[in-house]
Amino acid sequence: EQLLLHIKLTYPEYYRLKIVDAEDMRGLMEKAVSLLEPDMTVLEYFFDDTTLYIWVITPQAVEAVEYPVGAEQIIETVLRFRRELSEYESLSFAQPLQALYSWAITPVEPHLAGKKIIGIVPYHALHFVPFGALVAPDAEQITFLIERYAMFSLPSLCMLPMVRERTESRTQNAGFHAHPAVLGIGNASENLPGAAGEMRALQEYFPVSTVYTGEQATKDRLFQDAGRYDVIHL
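Sequence order sets the numbering: in each chain, residues are counted from 1 along the sequence as written. Only residues with pLDDT of 70 or above have their local features reported here, since the model is predicted, and side-chain atom pairs are shown and tallied only from 80 upward, although totals for entire chains, interfaces and linings are computed over all residues. For the side-chain quantities, the full set of heavy atoms in the structure was used; hydrogens and water were omitted.

This paragraph deals with the pairing of strand E1 (residues 40–47). For the exposure calls, accessible area comes from a 1.4 Å probe over protein chains only, and a residue counts as buried if that area is under 20% of its type's maximum, exposed if over 50%, partly exposed in between. Here a helix means four or more residues in a row that DSSP labels H or I, a strand means two or more in a row labelled E, and each is numbered from the N terminus. Taken across its eight residues, E1 has eight buried, putting it largely inside the fold. Burial of the side chains of E1 extends over both faces: Met40, Val42, Glu44 and Phe46 are buried on one face and Thr41, Leu43, Tyr45 and Phe47 on the other. Here E1 pairs with strand E4 (residues 117–121) via five bridges, running parallel. In the strand pairing of E4, Leu43 is matched with Ile120. Only strands that DSSP links by at least two bridges are regarded as paired with each other. As judged from the six bridges shared by E1 and strand E2 (residues 52–57), these two strands associate in the antiparallel manner. Residue pairing in the sheet places Phe47 in a bridge with Leu52 of E2. From the end of E1 to the start of E2, which pair antiparallel, there are four residues.

Shown next as structure tokens:
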């Protein structure tokens, strides 16, 4: 409750967006616990000038973990990763990803034992981090987090009940497809040189798919066609 009061006074816009009061937040987390499968964990993040706060939500309980790294260092590391990423032939991008892993994942790894699916609820600059690409700092070779867990992200924890309810509703109404229809949209450019190859790989894994690239890969096409497909890959 003291932390929530601090957030309300220091970050009022964030508070209004994500939190009503401590009791509502507690109820929201209890609801999230009830919606998770046994092999799932949700990690929700927040940071201030001195501390990164991580709420670990599992089907059993909610745990709070703190790590001593503040906003300035986190934001600079995220920006450095994005700068390094432009040099796509270099592995220099791995260094900031390793730092982010040591802050955001290492402190909660004991809670991830036996889990197969991780949900991420980021905060502030962490919205610009592809958590699946985080790299363990002590690994002998570069191994991304997505290679160890299936992952999803939510803009806010309050979205979890909505997403689960809509998914269950669609499943009950339509049933599972043995070969789900896939819409793939990839706009290859000099800033995204691997997009064309990625679309070809998509078609190999999902033969029943529709792929748009180049000039056909437009926002209008996405908004027009997306509703007809079970899976969308951008």
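Ordered in space as E3-E2-E1-E4-E5, the five strands form an open sheet in which the pairing is mixed. In this open sheet, the two edge strands, each paired with only one partner strand, are strand E3 (62–67) and strand E5 (150–153). For this sheet the average axis-to-axis angle between neighbouring strands, irrespective of direction, equals 20 degrees. Here E4 runs beside E5; their pairing, made up of four bridges, is parallel. Looking at the pairing, Gly119 lines up with Phe152 of E5. In this analysis, axes come from line fits to C-alpha atoms, helices being fitted only over the stretch in contact, and the angle between any two N-to-C directions falls in the range 0 to 180 degrees.

Restricting attention to buried positions, one finds in helix H7 (residues 195–205) the residues Ala195, Met199 and Leu202. On an axial view of H7, the arc spanned by its buried residues comes to 55 degrees, and they lie on one face. Pointing more than 90 degrees away from the buried face of H7 are the exposed residues Arg200 and Glu204. Arc, as used here, means the arc of the directions from the helix axis to the C-beta atoms.

What follows covers the environment of Ala94. Topologically, Ala94 is positioned in helix H5 (residues 94–104). Ala94 gets classed as buried once you look at its relative accessible area, which sits at 5%. Taking the C-alpha atoms as reference, Ala94 lies 9.4 Å from Ala136; in sequence the two are 42 residues apart.

What follows is about the packing of aromatic side chains. Between the rings of Phe, Tyr and Trp (Trp by its six-membered ring), a pair exists once the centres lie within 6.5 Å; its type follows the angle of the planes, with under 30 degrees stacked, over 60 edge-to-face, and the other angles tilted. Applying the stated criterion across every chain yields a total of five aromatic pairs. On the basis of an interplanar angle of 70 degrees and a centroid distance of 4.9 Å, the ring pair of Phe47 and Tyr123 is categorised as edge-to-face. In this pair, Phe47 is assigned in strand E1 and Tyr123 in the loop between E4 and E5, connecting sequence segments 76 residues apart. In this pair, the class of Phe47 matches that of Tyr123, namely buried. An aromatic cluster of three or more residues is present, and its members are Phe46, Phe47, Tyr53, Trp55 and Tyr123.

Quick look at the packing of helix H4 (residues 71–85) against H5 now. The geometry of H4 relative to H5 is characterised by a closest axis approach of 8 Å and an angle of 145 degrees between their N-to-C directions. Crossing geometry of H4 relative to H5 is assigned as left-handed. When H4 is examined against H5, the residues Gln73, Ile74, Thr77, Val78, Arg80 and Phe81 are found in contact with a partner set consisting of Gln95, Pro96, Leu97, Ala99, Leu100 and Trp103. A per-class count over the contact of H4 with H5 returns eight nonpolar, three polar and one charged. A clockwise turn of the near helix away from the far one marks a right-handed crossing, whereas an anticlockwise turn of less than a right angle marks a left-handed crossing. Residues are treated as being in contact if the distance between any of their heavy atoms lies within 4.5 Å. Amino acids outside the nonpolar list (Ala, Val, Leu, Ile, Met, Phe, Trp, Tyr, Cys, Pro) and the charged list (Asp, Glu, Lys, Arg) are all regarded as polar, and Gly is one of them.

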